[in-house]
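Letter by letter, the chains look like this.
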Amino acid sequence: MALGTRRDGKQHELWVERSTLMRSPKHAFYDKLNELLRSINFDDKVEALCEPYYASGGRPGIAPGVYFRMTLIGYFENIDSQRGIAWRCQDSLSLRRFLGCEMDENTPVHASMTHTRQRLPKDVYVQVFDMALEAAGAHGLVSGEIGVDSTTLEANASLRNIERRDTHEAYPAYVDRLMEEAGVVEKGEKPTAEERLRFDRKRKGKKLSNKDWEPSTDKDARIMRMKNGSFHMGYKAEHAVDLNSGVILCAKVYKGDEGDSKTLLESLIGTLARMQLSKIASGIKAVVADKGYHTLEQLNELQMLGVRGYLAVPATKGQRVWTNKNADETRAFKNNQRRCKREYGKSLHRKRGEFVERSFAHVCNTGGRRRCWVRGEENINKQYVIAAAAHNLAAIMRASFGVGKPRAWVDKGKTFAEVVIACVKESLGALQRLKALFSGSGRGFSRRTHRFRLTNTACPFL
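Heads up: these notes are all about the structure in this document. Everything numeric here is computed off the predicted structure, so don't read it as measured data. (Residues numbered from 1 in each chain as written. Predicted model: local features only at pLDDT ≥ 70, side-chain atom pairs only at ≥ 80, totals over all residues. Heavy atoms only, no water.)

Secondary structure assignment for the protein chain yields 15 helices and eight strands. Counting only residues that meet the buried cut, the protein chain has 43% of its 462 residues in that class. For the protein chain, long-range pairs separated by at least 24 residues make up 70% of all intrachain contacts whose partners lie at least 6 apart in sequence. Approximately 26,800 Å² of the protein chain is accessible, and the part contributed by carbon and sulfur atoms is 51%. (Helix = DSSP H or I, 4+ residues; strand = E, 2+ residues; numbered from the N terminus. Buried < 20%, exposed > 50% of the residue type's maximum accessible area, 1.4 Å probe, protein only. Contact = heavy atoms within 4.5 Å. Areas by Shrake-Rupley, 256 points an atom, 1.4 Å probe, with all protein chains shown as cover.)

Written out as structure tokens, the structure is:
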């Protein structure tokens, strides 16, 4: 065999037969996902939803089924940006097969994904989420026991680009004005960066409040404390999750300064709307949340809605004073406290810690939604609700096939191989014990042609 050499300036053929092109390999997970999407008539439904927002003529754009499949790939492949999704789809043969693109076709670029996202309103994305939720309800994955919790998302904005809400001046200009008013520098003189930093460190009353400051790039972002303790511009994402299957019933992104107690009722109303539109008749049987959602107003509203609340009661010093509260709020508080102390309430809180936190881990940490690369509350909600729909499709896949993500499918194959190897080793051990039992020598045997050397062990059934 002759030595081959790599040639950079290779001349390509003018015509290539289609039959000679490389075919996309099969991917077991994405083939099963395509079967699930075909079973719910996904392509025809999303084309009907998107048809009013396209012109009757002109150059054809991305097919809605292809676009939403690319957004699902961002969740399953842990890709947070549209550029990364477009590059991954262009590079992978199995993802080309999932999208339905042939080898002589180009996959959509990130700019086309941006135009499609801007063209479609938020309601279309919510209706796609309803399709996935309806499929989850048809598989019996919705029970009515709901856990609610929230997490932080990092916005595509920086604290260096904040400005005053009243004067619209940047932070360095604001510090320069304070230095002039304090007489540190003369009027019209511009201090150096080191002088500005030294003055800013020592001045009193320094704080960054969302009432006084806003980012110049993303007006909807707010100053928030992240999970690692640092401060960034961010948003708040809230999930309403079924506590028996982990299916997300409602997912919405709020501004970062909206407290948990203010958004609980809105999330529950959205959950009821999603369940009704998805033809799920179970309703809300119980609502479980942590201490951040516990207020007398929320408990009273849950009681008026006829929903059994299990809101964790925060610790207080001394006895509560009920003289300035009405009877309904007092009754709602004591009923909730009594329910949380029972064994059923404790089991629901254990489920909340398992399923709700797991949904954030799947969507944000391994689903590419922890960091936002688009700006504006509406754009972020568009991407986030599709990630929640992908999470529900993964729950259906996990319930039907035992695997919810592509990497889990690979791990399942590895686990199966390990089981086979363990069975082979156990069989060889059984043969050795039988040989030692019938030969009476008590010693193991080995042959040069065998790869494994069998040692003597005691017979387990003697």
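This brings us to a negative patch on the surface. A surface patch of like charges, here negative, comprises E180, E186, E189 and E195. Tracing the backbone shows E195 in helix α9 (residues 193-202). (Patch = residues over 30% accessible without salt bridge, like charges linked within 9 Å, V, L, I, M, F, W, Y side chains within 5 Å. Salt bridge = Lys/Arg side-chain N within 4 Å of Asp/Glu carboxyl O. Lys, Arg positive; Asp, Glu negative; His and termini not counted. Charge placed at Lys NZ, Arg CZ, Asp CG, Glu CD.)

Here the focus is the side chain of N392. Its place among the elements puts N392 in helix α14 (residues 377-401). Setting aside residues up to four positions removed in sequence, N392 forms contacts with F129, A132, L133, V247 and I248.

Applying the stated criterion to the full structure yields 26 salt bridges. Note that D200 is salt-bridged to R203, the shortest N-O span being 2.7 Å. For the residue pair D200 and R203, the accessibility class agrees, reading buried in each case. E377 is the partner of K255 in a salt bridge, and the nearest nitrogen-oxygen pair spans 2.8 Å. One end of the pair, K255, is in strand β6 (residues 248-255); the other, E377, is in helix α14, with 122 residues separating them in the sequence. Owing to a relative accessible area of 16%, E377 belongs among the buried residues under this scheme. Put simply, E163, R165, E214 and K219 are held in one network by salt bridges that share partners.

Residues L33, F68, F76 and Y384 are the most contacted members of the largest nonpolar core, which totals 107 residues. Ranked by residues supplied to this core, first place goes to α14 with 13 residues. Not counting residues up to four positions away in its chain, the partners in contact with F76 are F29, Y30, L33, A390, A394, G404, K405 and P406. (Core = buried A, V, L, I, M, F, W, Y, C linked by side-chain atoms within 4.5 Å.)

Here we come to the packing of aromatic side chains. Aromatic rings in a pair are described by how distant their centres are and how their planes are angled relative to each other. For the structure shown, the criterion picks out ten aromatic pairs. Ring plane angle 80° and centroid distance 5.4 Å describe the contact between F29 and Y30, whose orientation is recorded as edge-to-face. The class of F29 is buried, set by a relative accessible area of 0%. For the ring pair Y30 and F98, a centre distance of 5.0 Å and an interplane angle of 50° mean the geometry is tilted. Here the residue Y30 occupies a position in helix α1 (residues 28-39), and F98 occupies one in helix α5 (residues 93-99), the gap between them amounting to 68 residues. Here the two residues Y30 and F98 agree in accessibility, since each one is buried. Every member of this aromatic cluster is reached through a ring pair, and the members are F29, Y30, Y75, F76 and F98. Positioned above the aromatic ring of F98, the side-chain terminus of R69 is 5.8 Å from the ring centre. In this arrangement the basic side chain of R339 is found over the ring face of Y310, its NZ or CZ atom lying 5.7 Å from the centre. (Phe/Tyr/Trp six-rings, centres within 6.5 Å; stacked < 30°, edge-to-face > 60°. Lys NZ or Arg CZ within 6 Å of the ring centre and 35° of its normal.)

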